[in-house]
Amino acid sequence: MTAPEHLTCTVVLVDDRTARVLVSGDLVHGNGDVLRDAISDLLAEHRPAHLHLDFTDLSLCDSTGLSVLLGARRAADAVGAALHLEHRPAWLDRVLRRTGTFHHLVPDQVEDRRTG
């Protein structure tokens, strides 16, 4: 068994109502708990109204990563926080569309059917 790829999650408190998590690296089996724990701790300690996950530096997301994102939606909903997935690479949008999770995870965005 190989070691999971590197994943870092940097939490930034933008203001009293907004938090951002900068996700960098591979969100895959073996390290999904890094993002899961960052989100859980952030929601428990600060209870932001808006939780932004910034995927500018995300390089890979497997089924474990998708599960973490679905868990993030549930956790945010449970505390009344709006979840925003930002700077998603095109390949991540394709994964979300193919798995039928796009509108669940990105409900505030109108999908362009030509890119699906």
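Refer to the structure printed above.
Some details on helix α3 (residues 90-98)
Taken together, the buried positions of α3 are occupied by L92, D93, L96 and R97. Take α3 and look down its axis: the buried residues cluster within an arc of 140°, on one side only. In this fold, the buried residues of α3 make contact with β3 (50-61), α2 (63-78), β4 (82-86) and α4 (102-105). Phi turns positive, to about 75°, at G100, one or two residues after α3.

A look at the pairing of strand β2 (residues 18-27)
Most of β2 is tucked away: 7 of the 10 residues are buried. As paired strands, strand β1 (residues 7-15) and β2 are joined by 8 bridges and run antiparallel to one another. Within the sheet, the bridge partner assigned to L7 lies in β2 and is G25. Turn length for the β1-β2 hairpin, with the two strands adjacent in sequence and antiparallel, is 2 residues. Relative to β3, β2 runs parallel, the two being bridged by 9 bridges. Within β3, the residue paired with R20 across the bridge is H52.

Concerning the pattern of salt bridges
Here the structure, examined in full by the defined rule, presents 3 salt bridges. For R20, the salt bridge goes to E86, with nearest N and O atoms at 2.4 Å. With R20 in strand β2 and E86 in strand β4, this pair connects stretches of sequence that are 66 residues apart. The salt bridge involving R88 is made with D93; its shortest N-O contact spans 2.5 Å. Note on accessibility: R88 and D93 belong to one class, buried.

Some thoughts on the environment of L53
Tracing the sequence through the fold places L53 in strand β3. With 33 residues separating them along the chain, L53 and E86 place their C-alpha atoms 5.9 Å apart. In contact with L53, other than residues within four places in its own chain, are V21, I39, L69, A72, L83, H84, L85 and E86.

Some words on a negative patch on the surface
Side chains of D33, D37, D41 and E45 sit close together on the surface and give a patch of like negative charge. Assignment of secondary structure puts E45 in helix α1 (residues 32-46).

A few points about the packing of α1 against α2
Each pair of packed helices gets described by two things: the angle between the helix axes and the distance between those axes. Relative to each other, α1 and α2 sit at 10°, their axes nearing to 9 Å. With respect to α2, the element α1 is oriented roughly parallel. Judged by residue contacts, G32, L35, R36, I39 and L43 of α1 engage T64, V68, L69, A72, A75 and A76 from α2. Residues that form the contact of α1 with α2 fall into these classes: 8 nonpolar, 2 polar and 1 charged.

About the cut-offs
- Residues numbered from 1 in each chain as written.
- Predicted model: local features only at pLDDT ≥ 70, side-chain atom pairs only at ≥ 80, totals over all residues.
- Heavy atoms only, no water.
- Buried < 20%, exposed > 50% of the residue type's maximum accessible area, 1.4 Å probe, protein only.
- Helix = DSSP H or I, 4+ residues; strand = E, 2+ residues; numbered from the N terminus.
- Arc of directions from axis to C-beta.
- Contact = heavy atoms within 4.5 Å.
- Pairing = 2+ DSSP bridges.
- Salt bridge = Lys/Arg side-chain N within 4 Å of Asp/Glu carboxyl O.
- Patch = residues over 30% accessible without salt bridge, like charges linked within 9 Å, V, L, I, M, F, W, Y side chains within 5 Å.
- Areas by Shrake-Rupley, 256 points an atom, 1.4 Å probe, with all protein chains shown as cover.
- Lys, Arg positive; Asp, Glu negative; His and termini not counted.
- Charge placed at Lys NZ, Arg CZ, Asp CG, Glu CD.
- Axes fitted to C-alpha atoms, helices over the stretch in contact; angles between N-to-C directions.
- Parallel < 35°, antiparallel > 145°, perpendicular 65-115°, else oblique.
- Nonpolar A, V, L, I, M, F, W, Y, C, P; charged D, E, K, R; others polar.

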